[in-house]
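Descriptive analysis of the structure
Okay, here's what each chain looks like letter by letter:
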Amino acid sequence: MTSGAGHGIVSPEANTGNPLRGDFERMARRRFQCPTPRRRGDWWSIQVRQDVFVGGKLKRSNKRVRLAPAEMREREVRKIAAEYLRPMNQAIESTGSATNFTHYVEQTSLPVVMPLLAKSTRNRYEGVLNNYLLPAFAN
């Protein structure tokens, strides 16, 4: 059951197929927020990081959110905060899903995507957009 060098059945050069330890350290951590509610004046509030579109690009910004009046108990406010953060922490929210189709075509597709296409493909896409898609989904 041993090979000639006394290493056992598996040679020392065998690759397990698992990623190296450094690969796990480079992986992005899943985003999870659990801010502590704080009293600010007459309100309980939390500060969260939220994804927003600025100039057509996704950007993460800080946002202070009022949760409840200051008369409310801290335990109840923590429950409200957990419910507010649940869609963000479980990645249920869809960022930018309410974009107007005409706005997307005029601001993103035509100036950014169309110049990269071949002339014949560009002509065909513009024909489909103008004749079918824009009249049907304009608003």
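Residue numbering note: each chain is counted from 1, following its sequence as written. Two thresholds apply to this predicted model, a pLDDT of at least 70 for residue-level local features and 80 or more for giving and counting side-chain atom pairs, whereas whole-chain, interface and lining totals are computed over all residues. Hydrogens are left out, water is left out, and the side-chain values use all remaining heavy atoms of the structure.

Regarding the packing of aromatic side chains
Only the six-membered ring of Trp is used, alongside the rings of Phe and Tyr, when aromatic pairs are assigned; centres must lie within 6.5 Å, and planes under 30 degrees apart are stacked while those over 60 apart are edge-to-face, with the rest tilted. Applying the stated criterion across every chain, the model contains one aromatic pair. With a centroid separation of 6.0 Å and 65 degrees between ring planes, the pair formed by F101 and F137 is classed as edge-to-face. Of this pair, F101 sits in helix α3 (residues 101–113) while F137 sits in helix α4 (residues 119–137); the two residues are 36 residues apart in sequence, bridging distant segments of the chain. Comment: elements are numbered from the N terminus, with helices defined as DSSP H or I runs of at least four residues and strands as E runs of at least two.

Remarks on the pairing of strand β2 (residues 43–54)
Note: two strands are recorded as paired if DSSP finds a minimum of 2 bridges between them. As paired strands, strand β1 (residues 38–40) and β2 are joined by three bridges and run antiparallel to one another. Bridging from a neighbouring strand, R38 pairs with S45 of β2. Between the antiparallel neighbours β1 and β2 lie two residues, among them G41 with a positive phi of about 70 degrees. As defined by bridge partners, β2 adjoins strand β3 (residues 57–69) across 12 bridges and the pair is classed as antiparallel. Its bridge partner being in β3, Q47 is matched across the sheet by R64.

Here's the deal with the sheet that holds β2
Strand order in the open sheet formed by three strands is β1-β2-β3, and the pairing between neighbours is antiparallel. Edge positions in the sheet fall to β1 and β3, since each has one partner strand and no second. Neighbour-to-neighbour, the strand axes of this sheet turn through a mean angle of 55 degrees, independent of strand direction. Lines fitted to C-alpha atoms define the axes, with helix axes restricted to the stretch in contact, and inter-axis angles between N-to-C directions lie between 0 and 180 degrees.

Things to note about the nonpolar core
By nonpolar core is meant a set of buried Ala, Val, Leu, Ile, Met, Phe, Trp, Tyr and Cys residues that side-chain atoms within 4.5 Å join together. Exposed residues in this analysis have more than 50% of their type's maximum accessible area, buried residues have under 20%, and partly exposed residues fall in between, with area computed by a 1.4 Å probe over protein chains only. Listed in full, the 10 residues of the largest apolar core are W44, I46, V48, V65, L67, A68, V77, A81, L85 and M88. Put simply, the parts of the chain that give this core at least two residues each are β2, β3 and α2 (74–89). With four residues, the top contributor of residues to this core is α2. Throughout, a residue-residue contact means that at least one pair of heavy atoms, one from each residue, lies within 4.5 Å. Residues contacting A81, with those up to four places away along its chain left out, are P37, I46 and L67.

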